[in-house]
Structure formats: structure tokens, C-alpha cells
Amino acid sequence: IEKPFGYNLAEARRLNDLAACHFDESEIFRIDHYLGKETVQNLLVLRFANTVLEPLWNRKYVVWVQVTAAETLGVESRGGHYEQSGALRDMLQMHLLQLLTLVAMEQPASFAAGDIRDEKAKVLRALRPIPADLVARETVRGQYGPGRADGRDVPGYRQEPGIAPDSRVETYAAVRAWIDNWRWQGVPFYLRTGKRLSARTTEIAVGFQHVPTCLFSDRGLCGRLEPNVLVISIQPREGVHLRLSSRIPGGDVNVGPVRLAFDYSETFGVRPVDAYETLLADALAGHASLFARRDQVELSWQYVDPIVETWAAQPPEFPNYAAGSAGPADADRLLAELGHRWEPLGA
Ligand code: BG6
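Everything numeric here is computed off the predicted structure, so don't read it as measured data.

*Asks:* Sorry if this is basic, but what is going on with the sheet that holds strand 1 (residues 62–70) here?
*Replies:* Two orientations exist for strands paired in a sheet by backbone hydrogen bonds: parallel and antiparallel. What the 8 strands build is an open sheet, ordered 2-6-7-1-8-9-10-11; its pairing is mixed. Each edge of the sheet is formed by a strand with only one pairing partner; in this case those strands are strand 2 (139–142) and strand 11 (255–263). With strand direction ignored, the average angle separating the axes of adjacent strands in the sheet is 15 degrees. Two elements, strand 1 and strand 7 (residues 189–194), share 6 bridges in a ladder whose sense is parallel. Its bridge partner being in strand 7, valine 65 is matched across the sheet by phenylalanine 189. Contacts from helix 4 (residues 87–104) reach strand 1, strand 6 (172–177), strand 7, strand 8 (201–208) and strand 9 (229–235), with the element oriented near 145 degrees to strand 7. Running at roughly 130 degrees to strand 6, helix 9 (residues 294–313) makes contact with strand 2 and strand 6 of the sheet.

*Asks:* Any chance you could explain the site of the ligand here in plain terms?
*Replies:* Near the ligand, the surroundings consist of Lys3, His33, Tyr34, Lys37, Glu71, Arg78, Asp90, Met91, His95, Lys195, Arg200 and Gln235. Take tyrosine 34: an N or O atom from its side chain is 2.6 Å from an oxygen atom of the ligand. Here an oxygen atom of the ligand and a side-chain polar atom of glutamine 235 are 2.6 Å apart. Burial of the ligand by the protein chains amounts to 79% of its free accessible area of 400 Å². Judged by the fraction of its atoms near the pocket grid, the ligand is located in the second largest pocket. Broken down by element, the residue count for the shell around the ligand peaks at 3 residues, all from helix 4. Classifying every residue of the shell around the ligand by side-chain character gives 2 nonpolar, 3 polar and 7 charged.

*Asks:* Quick question: what am I supposed to make of the packing of helix 5 (residues 113–126) against helix 9 here?
*Replies:* When two helices pack together, their arrangement is given by the angle between the helix axes and the distance between those axes. Where helix 5 contacts helix 9, the axes come no closer than 9 Å and their chain directions differ by 15 degrees. On the basis of their axis angle, the class for helix 5 and helix 9 is roughly parallel. As for how helix 5 packs across helix 9, the hand of that crossing is left-handed. Where helix 5 abuts helix 9, its residues Arg117, Lys120, Ala121, Leu124 and Arg125 lie against Asp295, Gln296, Leu299 and Ser300. Residues belonging to the contact of helix 5 with helix 9 are distributed by class as follows: 3 nonpolar, 2 polar and 4 charged.

*Asks:* Looking at this structure, I do not really get the pairing of strand 6. What am I missing?
*Replies:* Side-chain direction in a regular strand flips from residue to residue, so the side chains alternate between the two faces of the sheet. Of all 6 residues making up strand 6, 6 are buried, and the element is well covered by its neighbours. Where burial is concerned, the two faces of strand 6 agree: the one with Tyr172, Ala174 and Arg176 and the one with Ala173, Val175 and Ala177 are both buried. Here 6 bridges tie strand 6 to strand 7, and the two strands are oriented antiparallel to one another. Among the inter-strand pairings, arginine 176 is bridged to a residue of strand 7, identified as tyrosine 190.

*Asks:* Help me understand helix 1 (residues 9–22), please; the structure alone is not making it clear to me.
*Replies:* Residues spaced three or four apart along an α-helix point in a common direction, a consequence of the helix completing one turn every 3.6 residues. Spanning 14 residues, helix 1 covers 20 Å between terminal C-alpha atoms, matching the ideal 20 Å at 1.5 Å per step. Listing the buried residues of helix 1 in full gives Leu9, Ala12, Asn16 and Ala19. Along helix 1, the residues classed as buried sweep out an arc of 90 degrees about the axis, all on the same side. For helix 1, the exposed residues lying more than 90 degrees away from the buried face are Ala10, Arg14, Cys21 and His22. For helix 1, the N-terminal capping position is held by asparagine 8, with its side-chain oxygen 3.3 Å away from the main-chain nitrogen of alanine 10.

*Asks:* Before we go on, may I ask you to explain the layout of surface pockets in this structure?
*Replies:* To find leftover empty space, a probe the size of one water molecule is rolled over the atoms. Estimates place the volume of the largest pocket at around 840 Å³. Along its surface, the largest pocket is lined by 38 residues, and Val229, Val231, Arg243, Glu343 and Pro344 are the ones closest to its centre. Elements represented by at least two residues in the lining of the largest pocket include exactly strand 1, strand 8, strand 9, strand 10 (239–247) and strand 11. The element contributing the most residues to the lining of the largest pocket is strand 8, with 5 residues. Here the lining of the largest pocket is built from residues that sort into 14 nonpolar, 13 polar and 11 charged. Considering only enclosed or pocket space, the second largest pocket measures out at about 540 Å³ in volume.

*Asks:* Just to check I follow, could you spell out the packing of aromatic side chains for this structure?
*Replies:* Two aromatic rings, taken as a pair, are described by how far apart their centres are and by the angle between their planes. Taken as a whole and assessed by the stated rule, the structure comprises 9 aromatic pairs. Ring plane angle 65 degrees and centroid distance 6.3 Å describe the contact between tyrosine 144 and tyrosine 321, whose orientation is recorded as edge-to-face. Of this pair, tyrosine 144 sits in strand 3 (residues 144–145) while tyrosine 321 sits in strand 12 (residues 321–322), placing them 177 residues apart in sequence. Accessibility classification places tyrosine 144 together with tyrosine 321 in one group, the buried group. Members of the aromatic cluster, each reached through a chain of ring pairs, are Tyr82, Tyr144, Tyr157, Tyr172 and Tyr321. The ring of tyrosine 34 has lysine 37 lying over it, and the distance from NZ or CZ to the ring centre is 4.7 Å. Positioned above the aromatic ring of tyrosine 7, the side-chain terminus of arginine 89 is 3.7 Å from the ring centre.

Calculation criteria
- Residues numbered from 1 in each chain as written.
- Predicted model: local features only at pLDDT ≥ 70, side-chain atom pairs only at ≥ 80, totals over all residues.
- Heavy atoms only, no water.
- Pairing = 2+ DSSP bridges.
- Helix = DSSP H or I, 4+ residues; strand = E, 2+ residues; numbered from the N terminus.
- Axes fitted to C-alpha atoms, helices over the stretch in contact; angles between N-to-C directions.
- Contact = heavy atoms within 4.5 Å.
- Near = heavy atom within 4 Å.
- Polar contact = N/O pair within 3.5 Å; in protein donor to acceptor, adjacent residues only side chain to side chain.
- Areas by Shrake-Rupley, 256 points an atom, 1.4 Å probe, with all protein chains shown as cover.
- 1 Å grid on protein atoms, 1.4 Å probe; cavity = no way out; pocket = protein on both sides within 12 Å on 5 of 7 lines; lining within 4 Å.
- Sits in = over half its atoms within 2 Å of the grid points.
- Nonpolar A, V, L, I, M, F, W, Y, C, P; charged D, E, K, R; others polar.
- Parallel < 35°, antiparallel > 145°, perpendicular 65-115°, else oblique.
- Left-handed = near helix turned anticlockwise from the far one by under 90°.
- Buried < 20%, exposed > 50% of the residue type's maximum accessible area, 1.4 Å probe, protein only.
- Expected span 1.5 Å × (residues − 1).
- Arc of directions from axis to C-beta.
- Points joined across faces, edges and corners; volume = space filled by probe spheres on them.
- Phe/Tyr/Trp six-rings, centres within 6.5 Å; stacked < 30°, edge-to-face > 60°.
- Lys NZ or Arg CZ within 6 Å of the ring centre and 35° of its normal.

Encoded structure:
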């Protein structure tokens, strides 16, 4: 079954019940194509086949996590469908929340599908609900107006074919998510997705604490020390890099950021397999770990529904970002309130 898995929690339950009339849950393969992407599959290996990351992977060392899925494309020929969904339902409800679960989950008891899916579901259960009165504080929506993308003038969303000229559908969504468990209490997970943004980038960035004290204050370097950031790039290039501070060569002590980088294609000399190739082969072989289980789909809707409903009840001021930009200015506020900022798109 390809997404969308329903339109809201009630519809998703109806669809799941219908599928359950005919098939056992173990025979149902719900495709979220993000889970078939090579670097997404690599997340569990990165986390659980290395010792250096896991001791740091918690609220003591991680200050924020950002999950970004930015597209340069507009709504293209899918206007009719998109008018029924919007960015929150289309991208955040499954793709981004699935990425969040892989970053946040505990080690599963085994690599078996059931154990992995159990841990992912636990993360979704621990997501702090965003009630209607907090939606304005914890979320931001946007819709692109005319602008420039890929070196040409492009129309706004409301001017695209099949779109209502006064459409209130969002093409950008950002959410500040919180996970109420011992590992992640107090660490914001910033999720953002949008169409017609300045760069095509899907990535997960993990920001670490500042150094507790600065050795270089007499050199005036402390303000220049940047906290470490681990970036897991999913597309367009697949790889991982860690931003560290390094001495810059030269006479006096000077410090600047450098990258320790792994690039999938350069290292392995092959292009990553297309996500659908992986998923279809897994489905045929009956391997279910890269597919969404019923409870995950319903828990994701349970989280997203109050946001959708609150947004629907309050008319937005659209358009509020230009095509080809980094998104609505208000999205910066979500992070600035806690002294954070978005990773630049396409950096
Ligand atoms: C789909 C959405 O699930 O994912 C599309 O319905 C979106 O709107 C697409 O463009 C993005 O996929 P990818 O693999 O290009 O990031």
C-alpha cells in the first residue's frame, strides 16, 4: 500500500480495518519510500555498529536535532492531489516522523522487523501532543508566492494549474517536536519540509553541546568556537559529515570549522539503489522492517491531526514566502526562541 495512508486518524483506521479484513498485518506492506533510501537504512548501522556515537546520543550531549526535507520543485502536475493534502500530511506525517523515530529510538532487541517496529512505535507514543492552544507556538506553516527557482521566474502556488486562487493549503510546514522520555527530555526536534525552497536537501542534523569552558579566551577565539554538528545527508548526495573545530594553519593560534566526511558514492563507487527497488524486493521477500506498521501510521496521525485541525480553523496569511527562498521568516522564530538556528539549506 502506497501512502497516503488515509487523510486523518479516523480515515487511517478505516483503511487499516479494511486491509485487516483481508490480510494479516504481517502480509501488509505500507510503503514510505523514505525508508528505502540508502542513508536512511544506514542510520541504524551508524548508530548501533559504532561505539563513538551512542554514548553522546542523548539529552546530556545533544542540544537539538533538525530533520529537513526541502524541495526545489513546486507542486508540478499534482495540484489536485496536493490541494487535498498539503505539506504536513504529504511529507511530515510519515516521511519526517519516520526519520525522527530512527534518530530517537532505543536499540531494538534484535534486527528483526517486529523489534525495530516496536522501538519506533515507542518513540511515536512518547511524542508530546501539541494541543490546539500550542499550535501557533510550536508550528509554522507557509505557502510559496511567485519567485525565482532554478534560474527562472516561477509562479506562486495559487497560480499553479489545478490550484484554487485563494488556496489555504500549506506548501511548507515546520514543527518543534518534543519526545518525553529519559533520553530526549528537553531536546527540541525541529522538523521542516517545503516545496519551492532554495535547495533540494534532505538531511538530519544533530547539534551537540558547546565546550563547557574555553581554553582560548586570551586569544579572543571563544566566540568563534562552533559546537559540533553531525549531518546525515539523505539527498541529493548520500553521506555523513561531522563538523569539528580545527586549528587553522599559520603563525598564531586560530580556530575554524572543518568537516570529517564520508560520501556514499565516493567510498563505495556505486550509486545508491533507488528506494523503490529496495522496497519492492523486500516486500517480495517478506521482509517488513522498512515498512510502516499499523500502529505507527495511526500514532503519526494522532500527533498530526490536532495541528491540521487547528490550522484549518484559522485562516493563514498566504503566500508568506517567495519561491526559491529558505521558507517563511516565522520558521526562524521556532529555533531563535531557544537560541538555535536552522542549518543553511544546501550547505
Ligand atoms: C512524496 C510526496 O511522498 O515524496 C511528494 O508525496 C514529494 O510531494 C516526494 O515530492 C519527495 O520524495 P523525494 O524522494 O524526492 O524526497
